[in-house]
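For reference, the chains in residue letters:
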Amino acid sequence: MTSGRRGWTEMEVGADGVAVITIVHPPVNSLSYDVLNSFKENLERAIQRNDVKAIVVTGSKGKFSGGFDISAFSEIQAGKGVDKPKTSYLSIDMVTDVFEAARKPLVAAIDGLALGGGLELAMACHARICTSTAQLGLPELQLGILPGMGGTQRLPRLVGLPKALEMILTSKPVKGKEAHALGLVDAIVPPDELIKSARLWALDVAENRKPWLITLYRNDKLESLAEARDIFKFVRAETRKRAANLQHPFVCIDCIEEGVVSGPRAGLRKESEASEILVRSDTSKSLVHIFFSQRATSKVPGITDLGLVPRRISKVAILGGGLMGSGIATALLLSNYTVILKEVNDKFLQGGVGRIKANLQSRVKKGKMTQENFEKTRSRLIGVLDYEQFRNVDMVIEAVIENISLKQEIFADLEKYCPPHCILASNTSTIDLNLIGQRTKSQDRILGAHFFSPAHVMPLLEIVRTQKTSPQVIVDLLDFGKKIRKTPIVVGNCTGFAVNRMFFPYTQSAFLFVDRGLDIYQIDHAITKFGMPMGPFRLVDLVGFGVGFATGAQYVENFPDRTYKAMLLPIMMEDKRAGEATRKGFYIYDDRRKAKPDPEIKKYVEKSRSMAGIAVDPNLSKVSDKDIVEMLFFPVVNEACRVLDEGIAVKASDLDIASVMGMGFPPYRGGVMFWADSIGARYICSRLEEWSKAYGDFFKPCAYLADRASKGASLSAPAEQIKSRL
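Bear in mind that the values here come from a model prediction, so they are computed numbers and not experimental data. (Residues numbered from 1 in each chain as written. Predicted model: local features only at pLDDT ≥ 70, side-chain atom pairs only at ≥ 80, totals over all residues. Heavy atoms only, no water.)

## Considerations on the UniProt feature "domain: 3-hydroxyacyl-CoA dehydrogenase NAD binding" (unreviewed entry) in the chain
Mapped onto this numbering, the UniProt entry gives "domain: 3-hydroxyacyl-CoA dehydrogenase NAD binding" (unreviewed entry) at residues 315–493. In the segment residues 315–493, helix accounts for 40% and strand for 22%; the C-alpha atoms at its two ends are 26 Å apart. (UniProt positions renumbered as here; feature names shortened; annotations may be inferred. Helix = DSSP H or I, 4+ residues; strand = E, 2+ residues; numbered from the N terminus.)

## A look at the sheet that holds strand β11 (residues 338–342)
The eight strands lie next to each other as β12-β11-β10-β13-β14-β15-β16-β17, forming an open sheet whose pairing is mixed. With partners counted over all chains shown, the strands left at the sheet margins are β12 (381–384) and β17 (487–492), one partner each. The mean inter-strand angle of the sheet, taken between neighbouring strand axes irrespective of direction, is 25°. Where strand β16 (residues 460–465) lies against β17, six bridges are found, and the strand directions are parallel. Following the sheet pairing, Val464 is matched in β17 by Val491. In this fold helix α26 (residues 652–663) packs onto β16 and β17, with an angle of close to 120° to the strand it touches most, β17. (Pairing = 2+ DSSP bridges. Axes fitted to C-alpha atoms, helices over the stretch in contact; angles between N-to-C directions. Contact = heavy atoms within 4.5 Å.)

## Some words on unusual backbone geometry
Pro26 connects to Pro27 through a cis peptide bond whose omega is 5°. Relative to the assigned elements, Pro27 resides in the loop between β2 (18–24) and α1 (33–48). In this chain, Ser453 is followed by Pro454 through a cis amide linkage whose omega measures -5°. Looking at the element boundaries, Pro454 is found in the loop between β15 (446–451) and β16. Residues other than glycine seldom take positive phi values, yet Asn29 does so here, at roughly 55°. Its place among the elements puts Asn29 in the loop between β2 and α1. The class of Asn29 is buried, set by a relative accessible area of 1%. (Buried < 20%, exposed > 50% of the residue type's maximum accessible area, 1.4 Å probe, protein only.)

## Looking at the UniProt feature "domain: 3-hydroxyacyl-CoA dehydrogenase C-terminal" (unreviewed entry) in the chain
Using the residue numbers shown here, the UniProt feature "domain: 3-hydroxyacyl-CoA dehydrogenase C-terminal" (unreviewed entry) corresponds to residues 496–589. Each end of residues 496–589 is marked by a C-alpha atom, and these two atoms are 30 Å apart; helix forms 62% of the span and strand 3%.

## A look at the environment of Met573
With respect to the helices and strands, Met573 occurs in helix α23 (residues 568–574). The partly exposed category is assigned to Met573, whose relative accessible area is 31%. The residues contacting Met573, other than those within four sequence positions of it, are Phe545, Gly546 and Phe549.

## So, the pattern of salt bridges
All chains considered together, the criterion is met by 38 salt bridges. When the shortest N-O distance is used, the salt bridge between Glu44 and Lys40 registers 3.2 Å. Remark: Lys40 and Glu44 occur in helix α1; sequence separation between them is four residues, near one turn of the helix. Look at Glu44 and you get partly exposed, because its relative accessible area is 31%. Owing to a relative accessible area of 21%, Lys40 belongs among the partly exposed residues under this scheme. Of the charged contacts in the structure, one is a salt bridge between Arg538 and Glu580, with a shortest N-O distance of 2.9 Å. Residue Arg538 is located in helix α21 (residues 536–543), and its partner Glu580 is located in the loop between α23 and β18 (587–589); the two are separated by 42 residues in the primary sequence. (Salt bridge = Lys/Arg side-chain N within 4 Å of Asp/Glu carboxyl O.)

## Re the pairing of β11
Of all five residues making up β11, four are buried, and the element is well covered by its neighbours. Pairing analysis gives five bridges linking strand β10 (residues 315–319) to β11, with the strands arranged parallel. Pairing of Val316 across the sheet is with Val339, part of β11. Of the crossover connections in this fold, the one passing from β10 over helix α13 (residues 323–334) to the parallel β11 is right-handed. (Right-handed = clockwise from strand over helix to strand, strands pointing away.)

## Looking at the packing of helix α20 (residues 520–530) against α21
Two measures define how a pair of helices packs: the angle their axes make with one another and the distance between the axes. One can describe the packing of α20 onto α21 by two numbers: an axis separation of 7 Å at closest approach and a directional angle of 95°. In terms of orientation, α20 lies roughly perpendicular with respect to α21. Contacts between α20 and α21 involve Ile520, Ile523, Asp524 and Ile527 from the former and Pro536, Phe537 and Arg538 from the latter. In terms of residue class, the contact of α20 with α21 is made up of five nonpolar, no polar and two charged. (Parallel < 35°, antiparallel > 145°, perpendicular 65-115°, else oblique. Nonpolar A, V, L, I, M, F, W, Y, C, P; charged D, E, K, R; others polar.)

## Considerations on the confidence of the model for the chain
In this model, the chain carries an average pLDDT of 93, and 96% of its residues clear a pLDDT of 70 or more. A low-confidence stretch, residues 82–89 (pLDDT under 50), is modelled with 13 contacts involving residues beyond four sequence positions or located in other chains. Predicted confidence is poor over residues 721–726, with pLDDT under 50, and the contacts of this stretch with residues over four places away or in other chains come to 20 contacts. (pLDDT = per-residue confidence, 0-100.)

## Some remarks on helix α14 (residues 346–365)
A rise of 1.5 Å per residue sets the reference length of α14, with its 20 residues, at 28 Å; its end C-alpha atoms lie 28 Å apart and thus fit the reference within 8%. For α14, the full list of buried residues reads Leu349, Gly352, Val353, Ile356, Asn359, Leu360 and Val364. Looking down the long axis of α14, one finds its buried residues gathered within 155° of arc, a one-sided arrangement. Turned more than 90 degrees from where α14 packs its buried face, Lys347 and Lys365 sit exposed. Lining the buried residues of α14 we find α13, β11, α15 (371–378) and β12. Put simply, Asn345 is the residue that caps the front of α14, since its side-chain oxygen is 3.2 Å from the backbone nitrogen of Lys347. (Expected span 1.5 Å × (residues − 1). Arc of directions from axis to C-beta. Polar contact = N/O pair within 3.5 Å; in protein donor to acceptor, adjacent residues only side chain to side chain.)

Set out below in structure tokens:
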């Protein structure tokens, strides 16, 4: 009965006259077309049966529903599934005219997840019962769409406009207890009493002991029209600050406002029309691509298909309590790991412990952690000055300064003190792992665990393997990455690995064009307008000139044929400018570290241009923001193509996730390779060739890009033959 179908529903009628309809579509009971059609059939049967007095809706295995089946969106976007009913069928016909208008009361019994379409179904029921730990929310905006099954109309009528707008626009779910306080659900019960309580509630509604409420026509929680207009005005202004490049949040606000001003039916029509357009938009295509790409990072051919079971990692040691080491320790402590932090002396150790405490206290101040939890979490941190406690750890993460000889010495020591099963990881961002492990005999358990700063905040973990790294160790670290709530990507070993190597031309291109005549602040403005969190010069200020200079030197040394050796940074460093930490870099910073352009920068730029012996290009005075974006990101695309061609990255979608989660590339553009394919290899190649003639080999298109451009092929499509280094 269920073969080939994407889920279904099951109905069971009890002796009490209550029909329980259960959604079955593992793992999160998503609402596919098959599920909804099955649901409609069972609902109509229940309504027609004389022995059914009321209906309870629930999900199998402790999950109500995680929302609409996202694979259906990708099919629509790819031009497939055209025979399927439109989303308007779901919002108006199914949910409103069949579900909400049913002649028998429906009660939603919610446990686990009620997200997106799952919550929209629940809101169309005549009552909702849930557990205290259930999660309820409408996260559709994260996929470039809006709640398309009546969510824009029903949520404001249950919780009021301000909270509804907050939940929808931020995509943040609420737990069961808060949902009850808001009025989103009618009662909280223990999990083992959920179905029983829902059945009794449904019978009470059927027999008029409890009110029969149709959500769509409730007005008791809605503000007055005058208040609503002020709320919408404020929310639009705030959304413009946060999401200037995006249209779908504003479309969503328009739909909610239409329902308030013109009535819920008008709001439903507007929501339905908007859903049809947004699901096919470039923004939605990009965000859906990111959604699936993120889930695909943990599938590594030749590693995760070997049937290996991840080993348990309980105790982790971290070498170095600086900014990165303390951030990594914080991330591990927050995920319930015992952490041993080693430093070379007590002063440095206390500094590292202090940074970790400050990270945790910040969560307490923001209300994300109780003082009791702070003390409990802090108690799992052990500070040491020697290797004695390393004898029973499962993994060590080295996070000291980028010095090859120091790292080699450390790894030789680790081999002596750590148990044979212990994973030896380095947080290096650029140094070749073969060099780091050169003095050891344990190269099968050495790999990179590259976190991004701040490590307890940034979501990416770059797992770097050498030719000698054991598949078991990689499987272990993939599992570990998920447990500390990071998205892991597995990459090959080279200078800069995948993320930093892909992006090194980004900063170098910025320096090159400043020497050629572009303004520093004009570049940063264009890049932030494009959607990056900050421009390249503000980024260099943030990470510090010392780090920027050291990593830049690595690329100049290893890729001399395609790097630009800028003098601007060392010139400024000579004048004691080192970035945000010293309050002076490319910007100047006040006591709150707010950045402001510095007029003095001109003298450093003029000196750099003079030392480079390069004439200013008058044509650059006419460039647009679009040109600047291309000048900085097309070299990134070019290097990403090399990374793919050499097999450093397994697939293009991994580079998309790396660019979004590691470097802040705007997710609504789909990641650097997805974005490049939306522009086309031919155009990118032609622009690089143009700059190569004008400014040198730094911009010369690589063979992979040139070949794809000549064939009109996608840059992301798998190559027939990949020279794998992995």
